[in-house]
2 protein chains.
Amino acid sequence: MSKSLNHVGVAVQSIEAALPYWRDSLGLQLLEIREVPSERVKVAFLDAGQTHIELLEATADDSPIARFIERRGEGVHHLCFDAPDIHGSMACMRAGGARLLDETPRAVGGGKAAAFIHPKSGNGVLVELYADAPPTD
Amino acid sequence: MSKSLNHVGVAVQSIEAALPYWRDSLGLQLLEIREVPSERVKVAFLDAGQTHIELLEATADDSPIARFIERRGEGVHHLCFDAPDIHGSMACMRAGGARLLDETPRAVGGGKAAAFIHPKSGNGVLVELYADAPPTD
């Protein structure tokens, strides 16, 4: 079974300034805006069929999103794939020689866990694997 | 109704060199590889749930993909959304002040038409609107 694309993360300077394009002009339905304090970002999720567009705005100068925009400008930040067996997926990527940014899945709130793969391994694309967090690990 | 993400285009130096990552390590099913001579690219489509990952390899030095990689390196090249009423969608984006790269939808083969929106309008993201081509236009 292939993996599903859960969402596309897009780094933006300001969600408020970006919504007229993504919601009003392009016509994607806004689902939710919330803060993720651990990542120092505010995120807006927009419906794009069976996947989402996630607009990411830094809430602090040392946020990974602030650093990304400083280096590369606004744009696509990462692709996130559902990986129900996240440990198996990580092992498979390691076996293929990919450089993982997380040794073990990190808790990302909402009962979810994630692991990131370095963009150097994936043709310049930062990939996130995403799964339900195990009860204990 | 929100628009669906049809595919994410990723510019790569070589599809052959990229497949071990996207297909074998990440585990996306390879659906099709074909050439699009009009765009001077070879494309590989991989299944990612209700959307696709489209790996794009230049087949000529003056291919838009070759120029993109020269400027930015490998990475996400564009996001493509289904826009059944492509003329209405283009009008809506124009009304919102977006800069369109196509005055009218261009034929892209397979009975499909597309229009691109400049990344400067969309937070650094090149957006493609995608629809069935009208019988005559």
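Residues numbered from 1 in each chain as written. Chains lettered and ligands numbered in written order. Predicted model: local features only at pLDDT ≥ 70, side-chain atom pairs only at ≥ 80, totals over all residues. Heavy atoms only, no water.

**Some details on the side chain of A:Glu57**
Residue and element names in this part refer to chain A. Examined against the element boundaries, Glu57 turns out to sit in strand E4 (residues 52-58). Lys42 provides the closest opposite charge to the buried, salt-bridge-free Glu57, at an N-O distance of 4.1 Å. Residues within four places of Glu57 in sequence aside, it is in contact with Val12, Gln13, Ser14, Ile15, Glu16, Arg40, Val41, Lys42 and Ile65. (Helix = DSSP H or I, 4+ residues; strand = E, 2+ residues; numbered from the N terminus. Buried < 20%, exposed > 50% of the residue type's maximum accessible area, 1.4 Å probe, protein only. Lys, Arg positive; Asp, Glu negative; His and termini not counted. Salt bridge = Lys/Arg side-chain N within 4 Å of Asp/Glu carboxyl O. Contact = heavy atoms within 4.5 Å.)

**So, the sheet that holds strand E7 (residues 112-117) of chain B**
All names here are of chain B. Taking strand neighbours across the sheet as the criterion, the eight strands line up as E2-E3-E4-E1-E5-E8-E7-E6 in an open arrangement whose pairing is mixed. Looking at strand neighbours, the two that pair on one side only are strand E2 (30-36) and strand E6 (106-109), the edges of this open sheet. With strand direction ignored, the average angle separating the axes of adjacent strands in the sheet is 30°. Across the sheet, helix H1 (residues 15-25) lies against strand E1 (5-11), E2, strand E3 (41-47) and strand E4 (52-58), angled at about 160° from E4, the strand it touches most. (Pairing = 2+ DSSP bridges. Axes fitted to C-alpha atoms, helices over the stretch in contact; angles between N-to-C directions.)

**Considering the domain arrangement of chain A**
All names here are of chain A. Assigned domains of chain A: these are domain 1 (1-77) and domain 2 (83-137). One C-alpha centre belongs to domain 1, the other to domain 2, and the line joining them spans 19 Å. Contacts between domain 1 and domain 2 engage five residues on the former and seven residues on the latter. Approximately 500 Å² of surface area, both sides summed, lies buried where domain 1 meets domain 2, with 56% of it carried by carbon and sulfur atoms. The largest per-residue losses of area from domain 1 upon contact with domain 2 belong to Lys3, Glu39 and His77, which jointly make up 60% of the total buried on that side. Scanning the region where domain 1 abuts domain 2 turns up one salt bridge. Between Glu39 and Arg106 there is a salt bridge whose closest N-O contact spans 3.6 Å. Between domain 1 and domain 2 we count one residue pair in polar contact (both at pLDDT 80 or more) in total. (Domains from an automatic or database assignment. Buried area = accessible area lost by both parts, 1.4 Å probe. Polar contact = N/O pair within 3.5 Å; in protein donor to acceptor, adjacent residues only side chain to side chain.)

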